[in-house]
Amino acid sequence: MRIYNTLSRRIEEFEPLEPGHVRMYTCGPTVYDYAHIGNFRSYVWEDLLRRALKLHGYRVTQVMNITDIEDKIINKMAEEGLTLDEATAPFIEAFFEDLDTLRIERAEHYPRATDHLQEMIELIGKLRDRGLTYDSKGSLYFRIAAFEAYGRLSNLENRQILSGVSVDSDEYEKDDARDFALWKGVRPGEPSWPSPFGEGRPGWHLECSAMSLEYLGESFDLHTGGVDNIFPHHENEIAQSEGATGKPFVKYWMHAAHLLVDNEKMSKSKGNFYTLRDLLERGHEPRALRLLLLATHYRSQTNFTFDALAQSTSELQRIDDLTARLERDQTTQAGSNETFDTKVDEEAAEFERSLGDDLNISGALGAVFRLVRDTHVALDKHELPKSSREKLAAAFARMDGVLALFERPEVVLDEEIEALIVRRTEARKSRDFAEADRIRDELESRGILLEDSPDGTIWKRRLG
Ligand SMILES: [Zn+2]
């Protein structure tokens, strides 16, 4: 595989440190609210990466941290009078539900910050022993001036970093605007833990360095996140990890571009802010959102619009229609269709090759939809023998191991709807076409589409 490495600013051949095994770290959610679709743009892309690595034969060990102690959480606790657990537990649960809804494969480890205080304290101890920290009013800071390699990932001149006013939003006193808190001294009413540096709590950047060290070792292959994580978060992770171990932290850094809504940055004040749950409440199909989020290359901005979601829904419908048709149209037809079989091999190879080319998703989806179209044509001509269907099913299964779009959710048909279909069939038999049409319209208004064929009436649920 070839991937774009933010650190070198070029496309590189991907070679993990340990042959055949990819160790990968992903910055996870801060659990004080429901994740929004911009967050899921990153998580869905990281799922694509993970699944593409597996398609290319790698074993993957992925770690995603759960930030369950942070300023936003503390603000929520204060505003709503909640304990730390009360403020975070519902959103941790919601996060995992949302991952399942979007068919995001589970990482191997989801460490929580509050379960790893000891590891974080040990890491700070190492940095302190190496002279990279200083104390100011009960908090401990990382001294950027003592770490020469700072700024390599984001390629920012020191001058630019210094001029940024919003480098760190906390109100503690620092020697240098770039310096960041490793350990924040306790303040009244805030949760805190004992440490050799006094009572307090860890800085946000620290947890990723401590968790990756614990679960993936001093040096590992891949670190992912959104572009807004590059500076300062990922720069600070590098400073902490390499500062403590003296070894290279991460070989390949990958970052996804932002998600826009109607070509604008998503924000609550603009009224263009959506969580996954908002879209589900409006009746949208989660697979359509997954397809929409997947379909733009990760290094390009994705523009979410309801038109684009409708477009993804109709593309998904093409896949579902084919799946339903293949289920319906079982055959024992013998023989072979070599032209079709060759086509299947070519498109399967194109799919894999595209993903290996820095996750070229357009190329991969192109292969899938050409195969969908050609299968319809072969079915129309009754030229799809059993052997070709089996070959096709295997190819689609392999593709769907990456896309996770084909499998349809279990549809339970209300007894009432079933009864209506029976009544409509009876009305047609007794030539009461007005009644038959009325029932058809009623079902359609409930999102159930009917198709009459010589073998009887089939129905399908309209997506989205
Ligand atoms: Zn992180």
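Scroll up to find the structure this text is about.
Residues numbered from 1 in each chain as written. Predicted model: local features only at pLDDT ≥ 70, side-chain atom pairs only at ≥ 80, totals over all residues. Heavy atoms only, no water.

### A few points about the overall build of the protein
Working step 1: Secondary structure summary: the protein contains 15 helices and 15 strands in total.
Working step 2: Along the first, second and third principal axes, the C-alpha atoms of the protein reach 90 × 50 × 35 Å.
Working step 3: Here the protein holds 464 residues, and 51% of them are scored as buried.
Working step 4: Taking all contacts inside the protein whose residues are at least 6 apart in sequence as the whole, residues at least 24 apart take part in 75%. (Helix = DSSP H or I, 4+ residues; strand = E, 2+ residues; numbered from the N terminus. Buried < 20%, exposed > 50% of the residue type's maximum accessible area, 1.4 Å probe, protein only. Contact = heavy atoms within 4.5 Å.)

### Here we look at the coordination of the zinc ion
When a metal carries six donors in an octahedron, the ideal angles between them are 90 or 180 degrees, while four donors in a tetrahedron ideally lie at 109.5 degrees.
Working step 1: Protein coordination at the zinc ion comes from Cys27 (SG), Cys208 (SG), His233 (NE2) and Glu237 (OE), with a distance range of 2.0 to 2.4 Å.
Working step 2: Around the zinc ion, the four donor atoms sit at angles spanning 77 to 134°, and that spread fits a shape best called irregular. (Donors = N, O, S within 2.8 Å, 3.2 Å for Na, K, Ca; no water. Tetrahedral: all angles 85-135°; square planar, octahedral: opposite > 155°, others 65-115°.)

### Describing the side chain of Thr88
Working step 1: Examined against the element boundaries, Thr88 turns out to sit in helix H3 (residues 84–101).
Working step 2: In this structure Thr88 comes out as buried when scored by relative accessible area, which is 4%.
Working step 3: Look past the residues within four positions of Thr88 in its chain and what remains in contact with it is Val31, Asp68 and Ile73.

### Re the pattern of salt bridges
Working step 1: Under the defined criterion, the tally for this structure stands at 43 salt bridges.
Working step 2: Of the charged contacts, one joins Asp321 and Lys460 as a salt bridge, the two residues approaching to 3.0 Å between their closest N and O atoms. Here Lys460 lies in strand S15 (residues 456–461) and Asp321 lies in helix H10 (residues 306–328), a separation of 139 residues in the sequence.
Working step 3: Taking the relative accessible area as the measure of exposure, Asp321 reaches 26% and is therefore partly exposed.
Working step 4: Via salt bridges that share partners, Asp47, Arg50, Arg51, Lys54, Glu105, Glu108 and Arg290 belong to a single interconnected network. (Salt bridge = Lys/Arg side-chain N within 4 Å of Asp/Glu carboxyl O.)

### Some words on the environment of Val186
Working step 1: On the secondary structure map, Val186 appears in the loop between strand S7 (180–185) and strand S8 (200–202).
Working step 2: Distance in space between the C-alpha atoms of Val186 and Arg201 is 6.9 Å, their sequence separation being 15 residues.
Working step 3: Apart from the residues within four sequence positions on either side, Val186 is in contact with Ser192, Glu199 and Gly200.

### Brief notes about the sheet that holds strand S11 (residues 259–261)
Working step 1: If you walk across this open sheet you meet the three strands as S12-S11-S13, and the pairing is mixed. If you trace the sheet from one side to the other, it starts and ends with strand S12 (264–265) and strand S13 (302–304), each paired once.
Working step 2: Two strands pair when backbone bridges link them, and S11 and S13 are joined in this way by three bridges, in the parallel orientation. Its bridge partner being in S13, Leu259 is matched across the sheet by Thr302. (Pairing = 2+ DSSP bridges.)

### As for unusual backbone geometry
Working step 1: Residue Pro232 is reached from Phe231 by a cis peptide bond, and omega for that bond is 0°.
Working step 2: Tracing the backbone shows Pro232 in helix H7 (residues 230–245).
Working step 3: Unusually for a residue other than glycine, His382 sits at a positive phi of about 55°.
Working step 4: Considering the arrangement of structural elements, one finds His382 in the loop between helix H12 (361–380) and helix H13 (386–403).
Working step 5: With a phi close to 55°, Ala404 is a non-glycine residue in the positive phi region.
Working step 6: On the secondary structure map, Ala404 appears in the loop between H13 and helix H14 (415–429).
Working step 7: Accessibility expressed as a relative area gives 8% for Ala404, which makes it buried.

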